[in-house]
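Structural characterization, general
Read off the chains here:
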Amino acid sequence: MLDFIYYPVSFILWCWHKVFGLVFGESAAISWILGIIFLTFTVRGIMFKPFVNQVRSMKKMQDFAPEMKKLQKKYANDKQRQAQEMQKLQREHGVNPLGSCLPMLLQIPVFIGLNHVLRAFTMPPPGGGVKTENYFFTQHDVSSYVNAKLFGVNLGEAVYNGVGVVSGGAANVGFQWSVLPVALPLMIVASIATHLTARHSVARQNAASATSQTAIMNKLTMYIFPLGVLVFGALFPLGLLFYWLANNGWTLMQQRLVYTKIDKEEAARKAEAAEKRASLGPKPGQRPTAPKVGQKPVQQKKNQPAPGGSQKKVTQAGSAHGFAQTTPAEAAAKAAEAAKTADPAPATAEPKSQNGQNGSKDNGTGVPGLLKDSTRKSGRKRR
């Protein structure tokens, strides 16, 4: 029924077993163990891009987690409106909640397929007799797998084979105590690796985005799941325990590499933003210059010749308009012409005194420039 999973998994394992079989021999246990490990690396390498998208999606969700909390508090009594607003917020930030679950969902079929393929090596055929094939593996490959033993234990055997979901109809049903000395160290190491992987992932979470549900999930992944590996690892064949170890080792290494890269990108963005702000602001020790009250902006205009050709239009600095200004010679000529055309002064005006002032100190006032009273009266009579 799940042949679409079993065939690809068996093909990848067959390829790597042939590669390491050329070095160590096809019947050597190390060839099968390395084949299983590199099967894990191949599958995880294919899922590397989805894993990076998962990390970025989780980072974005942690960044706008405070906004999510506000929506939950605002629409606490309207769950439908709360879900709509959350979906809208996720679309605005370009976050897909399913993106963080995709790598885990893709690993489940591989886990199921590898478990079945490893179990199928020792399963008798439906009609009985000698097993001649196992998906991509021929009868020669099946016999080499059965003869490959690690400390006297076949890689397809488990501590307990009584659960049909995991065993898949294994030949030896029940406890296999001879497998425990080899399987127990693998189970312990796999449990520790699971805890370290979960701990490293939880340490990356933003404390501001933590909720009660998040705290529960963190405890599950850090303590309950590793304990489950330690307990239920007795149901897994030895080959599957090697797959679990390789998978957790790859995950831990991948997390360090991806998280370091994302941290560098975020630090570079922050440095670029700080540099941009510094370039727009005043230099250290420089006071910002504010325009004076009522000052108009300076507008420079090109000098344009006057219609007569003798006058130039000059724009004064600090003025918003250009005014026609004359040279000193032209100004003197205009003043002389204006003096000729002006009305002559009244005959009664007294000549200037030697010090250039009208009147004298003897006018009785003692103030230069003032006319005598008699002169003023005679002037009124003439008028």
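Relevant structure appears above.
The following refers to the structure shown.

Another point: the environment of leucine 39. Relative to the helices and strands, leucine 39 resides in helix H2 (residues 29-46). According to the relative accessible area criterion, leucine 39 is buried, its value standing at 0%. Linking leucine 39 and valine 9, residues 30 residues apart in sequence, is a C-alpha distance of 7.9 Å.

Among the structural elements, glycine 239 can be located in helix H11 (residues 238-280). Relative accessible area serves as the criterion here: at 0%, glycine 239 is assigned to the buried category. Each C-alpha atom of the pair glycine 239 and leucine 114 lies 8.7 Å from the other, and the pair is 125 residues apart in sequence. Beyond its immediate sequence surroundings of up to four residues, glycine 239 is in contact with Ile36, Leu118 and Leu155.

Within helix H7 (residues 139-147), the full set of buried residues consists of Asp141, Val142, Ser144 and Tyr145. Down the axis of H7, the smallest arc covering the buried residues is 165°, so these residues share one side. Every exposed residue of H7 that faces more than 90 degrees away from the buried side is listed here: His140 and Asn147.

Next up on the list: H2. Count 3.6 residues to each turn of an α-helix, and residues three or four apart come out pointing the same way. Helix length check: H2 (18 residues) gives 26 Å between terminal C-alpha atoms against 26 Å at 1.5 Å per residue, within 8%. Every buried residue belonging to H2 is among Ala29, Ser31, Trp32, Ile33, Leu34, Gly35, Ile36, Ile37, Leu39, Thr40, Val43 and Arg44, and all of these are buried.

We now examine the side chain of aspartate 141. For aspartate 141, the location among the structural elements is in helix H7. Side chain to side chain, aspartate 141 and lysine 18 meet in a polar contact 3.1 Å long. Setting aside residues no more than four positions away along its own chain, aspartate 141 makes contact with Trp14, Lys18, Glu26, Trp32 and Phe121.

Here the structure, examined in full by the defined rule, presents 21 aromatic pairs. With a centroid separation of 5.1 Å and an interplanar angle of 90°, the aromatic rings of tyrosine 7 and tyrosine 135 are classed as edge-to-face. Separated by 128 residues along the polypeptide, tyrosine 7 in helix H1 (residues 3-24) and tyrosine 135 in the loop between helix H6 (102-120) and H7 bring together distant segments of the chain. Tyrosine 7 gets classed as partly exposed once you look at its relative accessible area, which sits at 38%. Measuring from ring centre to ring centre gives 5.0 Å for tryptophan 16 and phenylalanine 38, while their planes differ by 40°; the resulting arrangement is tilted. With a gap of 22 residues between them, tryptophan 16 in helix H1 and phenylalanine 38 in helix H2 connect regions that are remote in the sequence. A connected cluster of aromatic rings, assembled from ring pairs, spans Tyr6, Tyr7, Phe11, Trp14, Tyr135 and Phe136.

Rules of the game
Residues numbered from 1 in each chain as written. Predicted model: local features only at pLDDT ≥ 70, side-chain atom pairs only at ≥ 80, totals over all residues. Heavy atoms only, no water. Helix = DSSP H or I, 4+ residues; strand = E, 2+ residues; numbered from the N terminus. Buried < 20%, exposed > 50% of the residue type's maximum accessible area, 1.4 Å probe, protein only. Contact = heavy atoms within 4.5 Å. Arc of directions from axis to C-beta. Expected span 1.5 Å × (residues − 1). Polar contact = N/O pair within 3.5 Å; in protein donor to acceptor, adjacent residues only side chain to side chain. Phe/Tyr/Trp six-rings, centres within 6.5 Å; stacked < 30°, edge-to-face > 60°.

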